[in-house]
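Secondary and tertiary structure notes
The residues making up each chain are set out below.
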Amino acid sequence: MTRRALITGITGQDGSYLAEHLLAEGYQVWGLIRGQANPRKSRISRLASNLSFVDGDLMDQASLVSAIDTVQPDEVYNLGAISFVPMSWQQAELVTEVNGMGVLRVLEAIRMVSGLGGSQRNDGHGQIRFYQASSSEMFGKAAETPQRETTLFHPRSPYGAAKAYGHFITRNYRESFGMYAVSGMLFNHESPRRGAEFVTRKISLAAAGIKLGLQDKLRLGNLSAVRDWGFAGDYVRAMHLMLQADEPDDYVVGSGAMHSVRDAVRIAFDHVGLDWQEHVVIDPELVRPAEVEILCADSHRARGRLGWRPTVDFPALMRMMVDADLEQVAREHEYGDLLLASSW
Ligand code: NAP
Ligand code: G4F
């Protein structure tokens, strides 16, 4: 029997890579689409043909029940979120609703459609498996480095706090109702499909734009922040592997390598033969109210139990993104919109 997967956030970076991966694995893939004329729906259809769509929004409980009832999925991947951390200080309540309460709504929808309730627990037969997109932002001001599954959470943004709620409620539904519900605590992962507001893509776009003579300066905030960056195509494989394990559990997923924002700029500008120091301007407006200074993953559990391995290291990832942007920026009509988004 063909397995069915439902992905929320299918129009985002990870949703597009996961859809491609699951289609290649032989799944029938459905995407939850928000809004009456979502402009990104056609983009995902072009990237991954053979998709099916169902309407719904993480803010709307009934739409999620209806989506799960319609699709009757074997696996649900909840990737939908407002994922840009600075937005969470501007619209804290909305981010909490979507990224925190939205997780509860999906779990409730699965519970209702599966007929689980009260003291009734799942017997494991034909149950819907659930993946929650948790985040290394939950570690925030990290109690130890590298971070592993047992490291205490100390979120530094409303985004991180909402993700921590989503993480704990997922574990709670696993323990309360016997649901197969797991969280992937994924560290930063990037690609040529990354939103232009995130720092790696902002840098790769600027390196390409400056090289092509379309831009001169790149405004950045904290150059000293350290992240564990990997390739999104590798990380969606980990999501799928987590739902294939015999027992449900939570996993840290990252490369274990640390690089600063300054390293990212240096690699990208070197790749196109530019001196980054002639172009980068520090903008205090881009420094966050409470910064996450350092993140680094200890992925021993995922590597040992799931056999997961990343295939692209950080310098190769930055070069891949710059090369893709040299091509994309040359198609000038898209450049204005991307530049606007990358000015965050
Ligand atoms: P992304 O590119 O920003 O995509 C976010 C997706 O969420 C979009 O498809 C968006 O759809 C959808 N969405 C937003 N609000 C929604 C709502 N109210 N109802 C339903 N869908 C909604 O993010 P990403 O990088 O692919 O990340 C995927 C997930 O992993 C997110 O939950 C993110 O927080 C988490 N995560 C990401 C990273 C990373 O480094 N990329 C690391 C750890 C965790 P629209 O087209 O409707 O806007
Ligand atoms: O690329 P960023 O915006 O990613 P951030 O905040 O780490 O969040 C991403 O990864 C999380 C996983 O840890 C996800 F959960 C989340 O959804 C998202 O995908 O910023 C990375 C670092 C920060 O320390 C930031 O202060 O880069 C620093 N930075 C310096 N200048 C900048 C800039 N970030 C952005 N976006 N723009 C700048 O100009």
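Preceding block: the structure.
To start, this report covers the structure provided alongside it. (Residues numbered from 1 in each chain as written. Chains lettered and ligands numbered in written order. Predicted model: local features only at pLDDT ≥ 70, side-chain atom pairs only at ≥ 80, totals over all residues. Heavy atoms only, no water.)

Here we look at the environment of Met185
Put simply, the test is: For helices the rule is a DSSP run of H or I covering at least 4 residues; for strands it is a run of E covering at least 2, with both sets numbered from the N terminus onward.
Structurally, the position occupied by Met185 is in strand β6 (residues 180-186). Placed 68 residues apart in sequence, Met185 and Val253 show a C-alpha to C-alpha distance of 6.1 Å.

Quick notes on the pairing of strand β5 (residues 129-135)
Just so we agree on the cut-off: Buried residues are those whose accessible area, probed at 1.4 Å on protein chains only, stays under 20% of the maximum for their type, while exposed residues exceed 50% and partly exposed ones sit between those limits. Two strands make a pair as long as DSSP finds a minimum of two bridges between them.
Of all the seven residues making up β5, six are buried; the element is thus mostly covered by neighbouring parts of the structure. Pairing analysis gives four bridges linking strand β4 (residues 75-78) to β5, with the strands arranged parallel. Bridging across to β5, Asn78 finds its partner in Gln132. Across seven bridges, the pairing between β5 and β6 is parallel.

Points about the site of ligand 2
Here is the rule: Any residue with a heavy atom positioned within 4 Å of a molecule or strand is treated as near that molecule or strand. Any N or O atom pair separated by 3.5 Å or less is treated as a polar contact, with the protein-specific requirement of one donor-capable and one acceptor-capable atom, and with residues adjacent in sequence counted only for side-chain atom pairs. Residue-level accessible areas treat just the shown protein chains as cover; the underlying method is Shrake-Rupley with a 1.4 Å probe. Domain start and end points were adopted from an automatic or database domain assignment.
If you check the shell around ligand 2, you find 25 residues, and the closest are Ser135, Ser136, Tyr159, Arg288 and Glu291. A distance of 2.9 Å is found between an oxygen atom of ligand 2 and a side-chain nitrogen or oxygen belonging to Arg194. With the chains in place, 96% of the 710 Å² that ligand 2 exposes on its own is no longer accessible. Every element with two or more residues in the shell around ligand 2 is listed here: α7 (199-211) and β8 (218-220). When we break the shell around ligand 2 down by domain, the ones giving at least three residues each are domain 1 (4-190 + 229-253) and domain 2 (199-226 + 258-291 + 313-342).

Description of the site of ligand 1
The line we're drawing: By the convention adopted, Pro, Cys, Tyr, Trp, Phe, Met, Ile, Leu, Val and Ala count as nonpolar, Lys, Arg, Asp and Glu as charged, and the other residues, Gly among them, as polar.
Neighbouring ligand 1 are 26 residues, the closest being Thr11, Asp14, Arg34, Ser83 and Tyr159. Interatomic distance of 2.9 Å between a backbone N/O atom of Leu58 and a nitrogen atom of ligand 1. One of the side-chain N or O atoms of Arg194 is found 3.2 Å from a nitrogen atom in ligand 1. Protein chains bury 91% of the 900 Å² of accessible surface belonging to ligand 1 in isolation. At three residues, β5 tops the list of elements feeding residues into the shell around ligand 1. Counted by class, the shell around ligand 1 contains nine nonpolar, eleven polar and six charged residues.

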